[in-house]
Each structure stands twice: as C-alpha cells, then as structure tokens.
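What follows is each chain in one-letter form.
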Amino acid sequence: MKKLSFFFLLVVLFSSCSTIKHVKENELLLTKNTVFIDSTKNTSENITELLLQRPNAKALGIPLSLHFYNLGNPNGSKTPSEWGKNHPKKYNFFKNVFSEKQSISVAKTFIGFNNWLLKSGQAPIIINDRKTKRTVGNLQAYFQNEGYFRAKVSSKKDTISNKKGAISYNILKGEPSILDSINTNISSSTLDYIYQKEKDKSFLKTGKQYKVENFIKEANRTVKLFRNKGIYHFNENYISFEIDTLNNYQKTNVDIEISDRVVPFQIQKIKKINIYTDYTYNKRNDIHNDSVNYNGVNFFAHGKLKYNPKYLSQSVFIKPNSVYSDSLRNLTRTHLRDLKNFKSASIKYSEISSNELEANIFLTPIEKYTLGIDSELSRSNIRNFDVSLKFSLTNRNTFKGTEIFKLSTFGSYFNSNNGPGWEVGTDVSLEVPRFMAPFGFHTLVPKSMFPKTKFYAGLGIQKNIGLDRQNISLGIEYKWRYNKRKSIQLELFNAQYIRNLNVDNYFSVYSSEYNKLIDIAASFDPNFTLPSNTSGNSNDILQFIKNVSTNTAFATSNPTEYRNNINILNRYNIITSDFLIPEIAYSFTYNNQENIKDHSFSFFKLRIANSGNVMGLLSKQKNSLDQKTVLKIPIAQYFKTDIEYKKYWNLGNNTVLAHRTFLGAIITYNKSDVPFSRSYFAGGSNDIRAWRTYDLGPGTRQPGLEYNIGSLKFLTSFEYRFDVLGSLKGALFTDAGNIWDITNSSFIDDDAKFDSAKSLTDMAVGAGFGLRYDFKFLIARLDLGFKVHEPYLTNDRWFKNFNFSSSVLNIGINYPF
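Residues numbered from 1 in each chain as written. Predicted model: local features only at pLDDT ≥ 70, side-chain atom pairs only at ≥ 80, totals over all residues. Heavy atoms only, no water.

Draft legend 1. Looking closely at helix H3 (residues 64-71). Among the eight residues in H3, seven count as buried, and that is most of the element. Among the residues of H3, Leu-64, Ser-65, Leu-66, His-67, Phe-68, Tyr-69 and Asn-70 are the ones counted as buried. (Buried < 20%, exposed > 50% of the residue type's maximum accessible area, 1.4 Å probe, protein only. Helix = DSSP H or I, 4+ residues; strand = E, 2+ residues; numbered from the N terminus.)

Structure follows, in structure tokens:
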C-alpha cells in the first residue's frame, strides 16, 4: 500500500494548485451550477445541456485541463523578438554562446511549448452575466416547449470564495397545457384519404401534454406517410399547426393544416428504372455500349456489363409499376452500399408525367482488385517480441454477383520463452450477399434483412511456440440483420483440425509440470532419477508418469502425489491430443447504439454452439479412451454457451461509465475432452488486468502453471473513462472474475472445481488506472492493474499484494470492451 503513496501525493499536489491563477480582479471562476425545478434540485443531462456556461471539466474531482492551462501564460510572448525582450538574460546567453539563430530557435521552442499548454488545457470558465441571461432564456424556452407556458426562470450569482463563484437557476414550472381539440384541414382529397387511414398513429392526441417535440414527430410522421404512399413531391413545407390557447392556457386547441400543390398531389408510380453500373462524373455524357433489360429494369454500362442483372437486382427494392416509396428508396441505397462493391450509390427521380416517375440509379464501382499490406509489432507474456507481416488480395464481383473473394497470407517471427520461432498461414474466404442454401431455405430470410453467406478456409503452422501446432479450418456461415438493432449469425459448419507437430516438447514448454514430477519421483522411488527435461527424453518421462498411474500401492501410500501425477497425465493427454472440432453455432446480437458518437447504449450477445453431435452419430470408431474418432482423430464433443452484456452511461463532460459482464460454460459428453483452443482463460489486457494472460485460476489453485484453463468463466468489469488533456484520456477500472472446472473429472483438483454458488466467493478482483491516446483511427492503451483479492491465498486474500511490484502493465489497442 505504501508503494502507491506517490500516486495519491500527485493527486493532492494537483488539487492544491491554484485554479484562479489567470482569473482577473472583479472576475469569478465558475465552480458550480445548480438548477432547482419547483424547489427540487435537478441534474438531468437535457437540462444541463441548456446551460451556456459550465465549470471546467474535472477528472477525479480535479480540473486537470485547467491546471495544464495554468501552467502556460495566455499573455506570453507571441514572437521571438518579443520573447527576447521579456527574457533578455536567456536570449543573450544563447546568442553569445552560440548564435542569434540559436536564440531565435530557443525562443520559438518556449513559445511553442507555451501555446501547446494553452491549446491542450482548458481556459478558466469566467462567469459572464450575458451568458447567464441567455441561459435563463434557454430554460424559459425549453419549459414553454414542454407545455409550461407560465414557467418562471430566475438566476442568482454567489461569490463562494476568493475569485470563485456559483450560479443557481430557480424554475417554477406552473401547470402544463393539455391538448384539447385536434382538427385537421387537408386541402387534397388524396392526402386526406391517406392521412385518415393512419390517423390513430398520430403523436398528437387529446389529453396528452403539449410538447413541441410531439409536433415535430407528427410532422415527420406525416411526411414519411405521404412519401411512402406515392406522394413524391410532398415535404414539411405543406404542413402547419395552428395553436390556440387564448381562452385557457391550460388547454390547447390544435388545427393541423395540410395544403395542396398548385398542380394537385397525385399518387405517383415508378414507370421506368435505369441502373448505370459504371457511372463516373467524367463519363456522364458518354454513350452506353452495353445494356440489358431484366424483369423490367434497364442495366447500362459504358463497356461490357460486368454485373449479373439477376443478382444485382436483388438489392433493388424499387420495382416497375410500383408506388413510389421513400423507405424503399433508402433501403435500396443502403443495400447497394452494403455490397461493398461500389464507392457510391445514388438514386435520382425524374417526372415522366403527373403520376409517373423514372428512377435512375448511379453506381460507381470500387476497383476490382485491391492489394493490402499490414505489419505489426507486439509483445505478450508468451511472445517477448513479435513482428508480423500480412499480404491480402481482394477480388470484388468475383462471379459477377457482387461476391467478395479474399486471399491473405501472413507470417511472423518472434522470440518466445523457448527461443526464436515463426508462424505462417493463409486464409481464403468468399462472401456472397445472399443466402446460398438448398431446398428453398434461402427464401426464409427476406433480402431486406441483408442476408450473407460466407465460405472460408485457412491453414496455419507454428514453430517453437507451444507444441508447434498445425491448424486447418473450414466453414460456412450465414448472417442477417433482423432489424436495425438485432443481428443473427448461423455457423452451419465450422470445422477445425488441430494437430500438434512437436509433442516431445511438452515438458520443455510446461516446465512447471516437470518440476512437480521431480517431487513425485522422489516420493515414488528415492533411488530413481527423473530423466533431464529435454525433448529427447520426453518418452521416458511419459513412461514414468504412466508407471506411477498404474501403481495401486503408491496410490494408497501417497494419495496426494498420486493424484498430482494423474492430473499431469490428464493435462498432457488434453494438450497434446490432436482434435477434430466440427462445430455448429447460433449467435444473437443486440446493439442499440445509434452512431459512434452515442455513448449511452446497451450491447448483448448470446452464442450457443455444439461440436461433434452429427459426426459422432455417424462415426463408429473409438480410441483407447473410449472417445469417438474419425481417421483415428478424436472428435471434440461438447455444448458451449457464451453470454456477454455491456452497458454504457454518458455522464456528461466527456465522461463515460462502462460495464461488461461475461458468462461462458462448456460441457463435454461421450467422454470427450475440452480442446485447449476452446477452453477459457483469465487475465490479460482485455480481461482481468491485474493478472497476465493464462496466469489466473482455475478456482483457488495456486499459480505456477504456464497455461491455466477452465470450462466455466465469469467476468465483470466497470470502467470510468474521462478526458485528461487533449487527445489523452484516462480511466479507472475494476475487474472481477475467475475460471473453474465443471467437467466433473475425478482427476481434477478440488481447488479448481466449481462447487455451487459458494465458489463465486473465489473470484479474483483487480483494480487500476489507465491512459489512452486517441489517434482518431485507433486508440493506444496502457492499463496498470493491481491485485485486490487473490483467491488462491490462504490468508489475507485482500490487498496482500496491492503494490507496484506485483502490478501488471497491459498494452492494448482500442478499449478493452
């Protein structure tokens, strides 16, 4: 705890710095705004946004940006000559010792640093009476728009200390106005017929409180209604609302006026549809040399038509002889852009007659072939240094149906705990913007849900990391959007073959297992010396483990050592075994984030997977462990469920509280083991940040193994994010969770097992702080995690190693969740 004292000393130091350094006489630094609505304090965000002046932004209660600003001088020198006059000794020193040129360079450096402090920091917010008056006007207008026509707003400025002040706003709402009679006056009989059919969906209803927001919503609803029913020329300028509160301000009478055009509104239909598949502005007037008509839609190209009309038309929801609809126009544009084959997709209409339109769709293709090169430097607790290079080729419109084919190859060279190593691999995928399924299954999901089919395959080979794994994957997946917030993914076939090429290296990689065997050997036979830990002795070491496991006398005399030996043998079989993983999975995702600027939203994801069910039924082969096999390769048979929930709260002033909870479980059947790649682990930069990857768990098992894995995982995190200085962000976080074993294997330590809800008290807890720098295109992240609760300790689990020497520095890209 004492080792953290300097951090708190830093906080105290900042808090003791003067915040009024650049506040002039007769000025007041705004330190607090208080809003009272009917004598009740209000802190809602929609009210706070109306205040034109707000106190300087704070982090942990300290106005850090103001302190940085105060380190600079707003009245400082602007030019080198001015700096020389203000600092003659420094200027003449560099001039005499070096040269005039060096003096100017030094002056520019000091001026630039001063400007950086001022620009990166935040100037003191000085109470401005004019802005206070305008804020009163804002609040008055807001409550009038909410129906409080007699609302009264006043303000009061108080001096709370030397050059510091506060403003309080007092609002008396009064009684709200309620909508009374609502009448419509629609000049066009066509519009009147359409409006009356959906009048029950109006946002304006008798008995509801008067709110300007509902009038805006009703205007938008009316425009959308008419434009989706073929009234192409209709817009909000034809709508007006007459408000009458003269007789009684608590009752509002509303007249909805919808005027007609000089040329009366008519329902217009789409007569012709033209799609220009290779449109560019420079060639807009050139002749189209190729054209095709498909289902009444005309396709044009300057050269040879490169897109199959049958498939491209599936992204066009505007149909010949159909009634004009804004929604179908927007859906078509969104769908065409989602194909990722076109730089732009625009739709324009022209009138053929008073009730007929011509739709022209202009598509500008992206280059057919794209080459990509990516490089990366990274470091982890497994790879001390890693440099990787990736080449990729993208082929768009591969089979003339806007498909996207991708081929990528990658390679990396690294220095691991076992010395230098490398990894190479290649991946291929084909994404088809429609369902490719037999027996008419493709009709189950409409095109408006953006269905996609993806075929993929991959091969990867590792050398000198782990057991030099070879990984072959093959799969088919379907994706579609149920609506704007919900999406579904079906992995119909996700097969993976994992082969370990260097199992003789097991005890070199997992040296902690070998160290345990030394103690077991001493108990088993004091005269026996365990072979040295080299790959050439792997078979001899393994034979010793097997001999111990079959010795019933040793099991009786030394039950603890015997059990440890069985555990080692069990882990050896799981990690060194080759696996065939034929997985089928279903995923559901909910995300109500409106856009990237929306910081108040929820995210939920559920994934349910099964491996080996069908293949296990078909296979009649078994190995010596009574596990189902194909070509002597064990089939992984399990059910796996992952549930993730994330919630974000925008607290104002660029501060966000983020929460994440994850629960995952994997259950095997038919005596199958859990493949290492499908197991859960804890720790790392996106997990429990006070422990390194694989360092924690399972349960209360003591640390020491190189890779700790489990079949049940629970994780929950809270993170408070705030601005520090310019693009530099800060965070305070707490992580809690652990992994456990739920396989019910008799060989697993009791400490590692999940034993009812009581095991939840064995969660590890970490806390810490982080810095993030926003480069706009990515966020570089440093998080320092401290151990708060260590479940594997027998005494003093809380804050035993809450210090810098036991902390973990995490380096990551973007936010952890």
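Draft legend 2. The arrangement of the packing of aromatic side chains in detail. Evaluated as defined, the whole model comprises 43 aromatic pairs. Measuring from ring centre to ring centre gives 6.3 Å for Phe-143 and Tyr-148, while their planes differ by 65 degrees; the resulting arrangement is edge-to-face. Here Phe-143 matches Tyr-148 in class, with each residue buried. What links up through ring pairs into an aromatic cluster is the set Phe-769, Phe-786, Trp-798, Phe-799, Phe-802 and Phe-804. In this arrangement the basic side chain of Arg-481 is found over the ring face of Phe-450, its NZ or CZ atom lying 4.3 Å from the centre. Here the guanidinium or amino end of Arg-689 rests over the ring plane of Phe-733, the centre of that ring lying 3.8 Å away. (Phe/Tyr/Trp six-rings, centres within 6.5 Å; stacked < 30°, edge-to-face > 60°. Lys NZ or Arg CZ within 6 Å of the ring centre and 35° of its normal.)

Draft legend 3. A look at the sheet that holds strand S1 (residues 29-37). Taken in spatial order, the four strands of this open sheet run S2-S1-S4-S3, and their pairing is mixed. Edge strands, defined here as strands with exactly one partner in the open sheet, are strand S2 (40-42) and strand S3 (152-161). Each strand axis lies, on average, 30 degrees off the axis of its neighbour in the sheet, ignoring direction. With nine bridges connecting them, S3 and strand S4 (residues 164-172) associate as antiparallel partners. The partner of Val-153 across the bridge, within S4, is Ile-171. (Pairing = 2+ DSSP bridges. Axes fitted to C-alpha atoms, helices over the stretch in contact; angles between N-to-C directions.)

Draft legend 4. Region of interest: unusual backbone geometry. For the bond from Gly-697 to Pro-698, the omega torsion is -10 degrees, close enough to zero to count as cis. By the secondary structure assignment, Pro-698 is in the loop between strand S26 (655-668) and strand S27 (712-725). Even without a glycine there, the phi angle at Ser-39 is positive, about 70 degrees. Within the element layout of this structure, Ser-39 appears in the loop between S1 and S2. Ser-39 sits in the exposed class, given a relative accessible area of 63%. Unlike most non-glycine residues, Ser-756 shows phi in positive territory, near 60 degrees. Looking at the secondary structure, you find Ser-756 in the loop between strand S28 (728-740) and strand S29 (764-774).

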